[in-house]
Amino acid sequence: MGSIVDYLPFILMFAVVYFFMIAPQMKRAKQEKAFAAALKRGDKVVTKSGMHGKVVDINDKDNSCVIETLAGKIKFERSAISMEISRKLNAPATTK
């Protein structure tokens, strides 16, 4: 019985790490994957490097998309598009 009590702090520490770090990270990864899959032509997006543009073309074979910016058209991986900023950019404006 004493050996289980000795390992109890490690078990509790693992549970805390799982619920506060691992589970939210897995949830966020699923959301980002769903966001990248739901991209469509005409969406205004911002890349993780900060480049603003509009989705012009989506290629499912190599999981990329072409974004039109003021500098021209640039090809990006879908995973390079920032989910949070793009959602804020496409959200309807609220009036006060």
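As the structure is a computational prediction, the values presented were derived from the model and not from experiment.

Chemist: Help me understand the nonpolar core in this model?
Modeler: Among soluble globular proteins, nonpolar side chains are generally buried collectively. If you look at the biggest cluster of nonpolar residues, it comprises nine residues: Phe35, Leu39, Val45, Val55, Cys65, Ile67, Phe76, Ile81 and Met83. Look past the residues within four positions of isoleucine 67 in its chain and what remains in contact with it is Val45, Thr47, Gly53, Lys54, Gly72, Lys73, Ile74, Phe76 and Ile81.

Chemist: Any chance you could explain the layout of surface pockets here in plain terms?
Modeler: Take a probe with the size of a water molecule and roll it over the atoms, and the empty space left behind shows itself. By volume, the largest pocket is sized at about 170 Å³. Lining the largest pocket are Glu32, Lys33, Phe35, Ala36, Ala37, Lys48, Asn63, Arg78, Ser79, Ile81 and Met83. Ranked by residue count, the leading element in the lining of the largest pocket is helix H1 (residues 2–37), at five residues. Taken together, the residues of the lining of the largest pocket sort by class into five nonpolar, two polar and four charged.

Chemist: Before we go on, may I ask you to explain the packing of aromatic side chains in this structure?
Modeler: Summed over all chains, the structure comprises one aromatic pair. Judged by centre distance (5.3 Å) and plane angle (80°), the ring pair of tyrosine 18 and phenylalanine 19 falls under edge-to-face.

Chemist: Can you help me understand the pairing of strand S3 (residues 64–69) in this one?
Modeler: Looking along a regular strand, one sees side chains alternate from face to face of the sheet. Taken together, the five bridges between strand S2 (residues 52–59) and S3 define a ladder with antiparallel strand orientation. The residue bridging lysine 54 from the neighbouring strand is glutamate 68, located in S3. The turn joining S2 and S3, which pair antiparallel and follow one another in sequence, is formed by four residues; a positive phi near 55° is taken by asparagine 63. The pairing of S3 with strand S4 (residues 72–77) spans six bridges and is classified as antiparallel. Its bridge partner being in S4, serine 64 is matched across the sheet by glutamate 77. In sequence, S3 turns back onto S4 through a hairpin of two residues.

Chemist: Could you clarify how one ought to interpret the pattern of salt bridges in this entry?
Modeler: Side chains that differ in sign of charge can pair as their charged atoms come close. By the definition in use, this model includes five salt bridges. For glutamate 32, the salt bridge goes to lysine 48, with nearest N and O atoms at 3.8 Å. Of the two residues, glutamate 32 is situated in helix H1 and lysine 48 in the loop between strand S1 (44–46) and S2; the sequence distance between them amounts to 16 residues. Take glutamate 32: its relative accessible area is 25%, and that puts it in the partly exposed class. The class of lysine 48 is exposed, set by a relative accessible area of 53%.

Chemist: Honestly, the side chain of serine 64 in this entry has me stumped. Any pointers?
Modeler: Inspection of the secondary structure assignment puts serine 64 in strand S3. Owing to a relative accessible area of 1%, serine 64 belongs among the buried residues under this scheme. Here the side chain of serine 64 touches aspartate 62 through a polar contact of 2.7 Å, side chain to side chain. Filtering out sequence-adjacent residues up to four positions away, serine 64 remains in contact with Ile58, Asn59, Lys75, Phe76, Glu77 and Arg78.

What counts, and at which threshold
Residues numbered from 1 in each chain as written. Predicted model: local features only at pLDDT ≥ 70, side-chain atom pairs only at ≥ 80, totals over all residues. Heavy atoms only, no water. Core = buried A, V, L, I, M, F, W, Y, C linked by side-chain atoms within 4.5 Å. Buried < 20%, exposed > 50% of the residue type's maximum accessible area, 1.4 Å probe, protein only. Contact = heavy atoms within 4.5 Å. 1 Å grid on protein atoms, 1.4 Å probe; cavity = no way out; pocket = protein on both sides within 12 Å on 5 of 7 lines; lining within 4 Å. Points joined across faces, edges and corners; volume = space filled by probe spheres on them. Helix = DSSP H or I, 4+ residues; strand = E, 2+ residues; numbered from the N terminus. Nonpolar A, V, L, I, M, F, W, Y, C, P; charged D, E, K, R; others polar. Phe/Tyr/Trp six-rings, centres within 6.5 Å; stacked < 30°, edge-to-face > 60°. Pairing = 2+ DSSP bridges. Salt bridge = Lys/Arg side-chain N within 4 Å of Asp/Glu carboxyl O. Polar contact = N/O pair within 3.5 Å; in protein donor to acceptor, adjacent residues only side chain to side chain.

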